[in-house]
Amino acid sequence: MSDRLQRTLQLLNNLVSFDTTSQESNLALIDYVQDYLSKQGFDAEVLYNSQKTKANLVVCIGPRVAGGILLSGHTDVVPIDGQHWNYPPFSLTLEDERCYGRGTTDMKGFVACCLAIISEIDPQQLKKPLWLGLSYDEEVGCLGVHELHDYLAAQPVKPELCLVGEPTSMRPVNGHKGKVALRCQVKGKECHSAYTPQGVNAIQYAARLIHFILEQEKQLIEKGDLRFDPPFSTLHVGTISGGEALNIVPNFCQFDMELRYLPQQSPSEVVDSLKTYAQHQLVPVMREMSADCDISFKTLAAYPGLYLDEMTPWLQQLLAWTNFSTAHTVSFGTEGGLYQASGITSIICGPGSMAQGHKPDEYIEKDQLRQCLKLLERIICHLYEK
Ligand SMILES: [Zn+2]
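The shown structure was predicted, so the numbers you read here are calculated from the model rather than taken from an experiment.

Criteria and thresholds
- Residues numbered from 1 in each chain as written.
- Predicted model: local features only at pLDDT ≥ 70, side-chain atom pairs only at ≥ 80, totals over all residues.
- Heavy atoms only, no water.
- Helix = DSSP H or I, 4+ residues; strand = E, 2+ residues; numbered from the N terminus.
- Rg over C-alpha atoms; globule rule 2.2 N^0.38 Å.
- Buried < 20%, exposed > 50% of the residue type's maximum accessible area, 1.4 Å probe, protein only.
- Donors = N, O, S within 2.8 Å, 3.2 Å for Na, K, Ca; no water.
- Tetrahedral: all angles 85-135°; square planar, octahedral: opposite > 155°, others 65-115°.
- Domains from an automatic or database assignment.
- Contact = heavy atoms within 4.5 Å.
- Buried area = accessible area lost by both parts, 1.4 Å probe.
- Salt bridge = Lys/Arg side-chain N within 4 Å of Asp/Glu carboxyl O.
- Polar contact = N/O pair within 3.5 Å; in protein donor to acceptor, adjacent residues only side chain to side chain.
- Nonpolar A, V, L, I, M, F, W, Y, C, P; charged D, E, K, R; others polar.
- 1 Å grid on protein atoms, 1.4 Å probe; cavity = no way out; pocket = protein on both sides within 12 Å on 5 of 7 lines; lining within 4 Å.
- Points joined across faces, edges and corners; volume = space filled by probe spheres on them.
- Phe/Tyr/Trp six-rings, centres within 6.5 Å; stacked < 30°, edge-to-face > 60°.
- Lys NZ or Arg CZ within 6 Å of the ring centre and 35° of its normal.

Colleague: Would you mind going over the overall build of the protein chain with me for this structure?
Modeller: Along its length, the protein chain carries nine helices and 18 strands. Computed over the C-alpha atoms, the radius of gyration of the protein chain is 24 Å, within 12% of the 21 Å expected from 2.2 N^0.38 for a compact globule of 386 residues. Taking the principal axes of the C-alpha coordinates as reference, the protein chain spans close to 80 × 45 × 40 Å. Split into buried and exposed, the 386 residues of the protein chain put 54% on the buried side.

Right, here's the structure in full:
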């Protein structure tokens, strides 16, 4: 095994050993990375959330000039709750070609490769900077990365390319859908269930809204784009709660829903029509019974889609470096759409496959790490040259 892979696996073991499930703090991992970088002579900035319970990390290596490449990863992982694991999730188990552990594929494997390659950089030789940006709370809707964006926006110089190392089996990805996640709360009026006309049944009004959502989805299916799977925008209700007992007309119902939309579409059309239906068709009828009745919506998370023209020079360059002739799209969302929207060309390309992400016994193959290290080496050479 090469020294470089050996170091990467050691780093991956350390990263996996921090339980950075999105509901937990990621500060121990961020401290570890900051300390690691400082030992290499690089000063990273730690950007905390307002409660100082979580943080992003950003470092600029080499000359602080315009251009260069940002390597982007998230530090949080999805929960293991309800999953049956045959391997310890928070330590690395090596078995033949596979490295098991939560986050190995999504996406601590990529972060480990970045840290391993950074230790080999001679910053004096860099003509353009290499940036590394690590975020928190990506898995719950790209929430943490916004502070990192604000930081980059305030810099006099910005990277030219953002490489998001989400698992794509090292194949460059130039498109993914956007997402809007909403919480809908329906406030009705309770009463004894023997006198239903005197109450406002919150669950039943929620059901009417959900029915409207299903009708909307039928229209979205007609506006397809075969580059995506499924080839249209989708709507879905994921959780619902409400009601106290069968003999009480429920005064409250809440459900969470999401829209995953094609990057060329605007989410506001769908979201606005839902809000309009609630405000104009349902709320007035509910208020005939009680003025307190209401339907409200709260955005839980939102990020834009990504679509980059196939002929974009950076995409062509990345295809050449990874030996692929064409880029493809993925169904899951990434922070790439946000970087792209802020004016930094963004491409998704990272080790491992999402087929192994979010599942019990998540693993990454050593060869994926090798391929990622090779790409990162090419990127460093490129930054040495221009
Ligand atoms: Zn991920």
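Colleague: Explain the coordination of the zinc ion to me, please; I cannot follow it from the model alone.
Modeller: Geometry sets the ideal angles at a metal, namely 109.5 degrees for four tetrahedral donors and 90 or 180 degrees for six octahedral donors. At this site the zinc ion is bound by H74 (NE2), D106 (OD), E166 (OE) and E166 (OE), with donor distances of 1.9 to 2.6 Å. Metal-centred angles of 54 to 140 degrees between the four donor atoms at the zinc ion mark the site as irregular. Here the donor residues for the zinc ion map to a single chain with the spacing H-x31-D-x59-E. Residue H74 is found in strand 3 (residues 69–74), and its partner D106 is found in helix 3 (residues 104–118); the two are separated by 32 residues along the sequence. Of the two residues examined, H74 and D106, each falls in the buried class.

Colleague: Sorry, what's going on with the domain arrangement of the protein chain here?
Modeller: The domains assigned to the protein chain are domain 1 (3–176 + 305–385) and domain 2 (183–303). Inter-centroid distance (C-alpha atoms) of domain 1 to domain 2 is 36 Å. Listed per partner, the contact involves 15 residues of domain 1 and ten residues of domain 2. Between domain 1 and domain 2 lies a buried interface of about 970 Å² when both sides are counted; carbon and sulfur atoms form 58% of it. Applying the counting rule to domain 1 against domain 2 returns zero salt bridges. Applying the counting rule to domain 1 against domain 2 returns three residue pairs in polar contact (both at pLDDT 80 or more). Mapped by element, the contributors of at least two residues to the side of domain 1 that touches domain 2 are strand 8 (173–176), strand 15 (306–307) and strand 16 (328–330). Of the residues belonging to the side of domain 1 that touches domain 2, the class tally is seven nonpolar, eight polar and no charged.

Colleague: What is the right way to look at the layout of surface pockets in this model?
Modeller: A probe matching the size of a water molecule, rolled over the atoms, marks out where space remains unfilled. Approximately 520 Å³ is the volume found for the largest pocket. As for the largest pocket, its lining consists of 28 residues, of which E139, G141, K179, E258 and R260 are closest to the centre. Of all the elements, strand 13 (residues 252–261) adds the most residues to the lining of the largest pocket, at four residues. Looking at the lining of the largest pocket residue by residue, the classes come out as eleven nonpolar, nine polar and eight charged. Residue-level mapping places the lining of the largest pocket at the junction of two domains, with at least three residues from each of domain 1 (3–176 + 305–385) and domain 2 (183–303). In this model, the second largest pocket occupies a volume close to 180 Å³. Along the walls of the second largest pocket sit 13 residues, with L220, K223, S266, E269 and V270 positioned nearest its centre. Taken together, the elements giving at least two residues each to the lining of the second largest pocket come down to helix 5 (202–221), strand 13 and helix 6 (267–287). The leading source of residues in the lining of the second largest pocket is helix 6, at four residues. Residue classes in the lining of the second largest pocket are distributed as five nonpolar, six polar and two charged.

Colleague: How should I be thinking about the environment of L115 in this particular structure?
Modeller: Residue placement: L115 occurs in helix 3. When the C-alpha atoms of L115 and L37 are compared, they prove to be 8.0 Å apart, with 78 residues separating the residues in sequence. Sequence-distant contacts of L115, that is, excluding residues within four places in its chain, are made with L11, L15, V33, Y36, L37 and L132.

Colleague: Explain the environment of D229 here, please?
Modeller: Mapped onto the secondary structure, D229 falls in the loop between helix 5 and strand 11 (234–242). Its relative accessible area of 58% is what places D229 among the exposed residues. C-alpha of D229 to C-alpha of C114: the two residues are 115 residues apart in sequence and 30 Å apart in space. For D229, the contacting residues outside a window of four places in its chain are K177 and S331.

Colleague: Before we go on, may I ask you to explain the packing of aromatic side chains in this structure?
Modeller: To describe a pair of aromatic rings, one takes the distance between the centres and the angle between the planes. Under the counting rule described, the total for this entry stands at five aromatic pairs. Where F18 meets Y32, the ring centres are 5.7 Å apart and the plane angle is 45 degrees; that geometry is what we call tilted. Of this pair, F18 sits in the loop between helix 1 (3–16) and helix 2 (27–39) while Y32 sits in helix 2, and the two are 14 residues apart along the sequence. Arranged with centres 3.8 Å apart and planes meeting at 10 degrees, the rings of Y87 and Y100 form a pair that is stacked. With Y87 in the loop between strand 3 and strand 4 (93–95) and Y100 in strand 5 (residues 98–100), this pair connects stretches of sequence that are 13 residues apart. Taken individually, Y87 and Y100 each receive the classification buried, so the pair is uniform in this respect. When the ring centre of Y48 is taken as origin, the NZ or CZ atom of K52, which lies over that ring, is 4.6 Å away.

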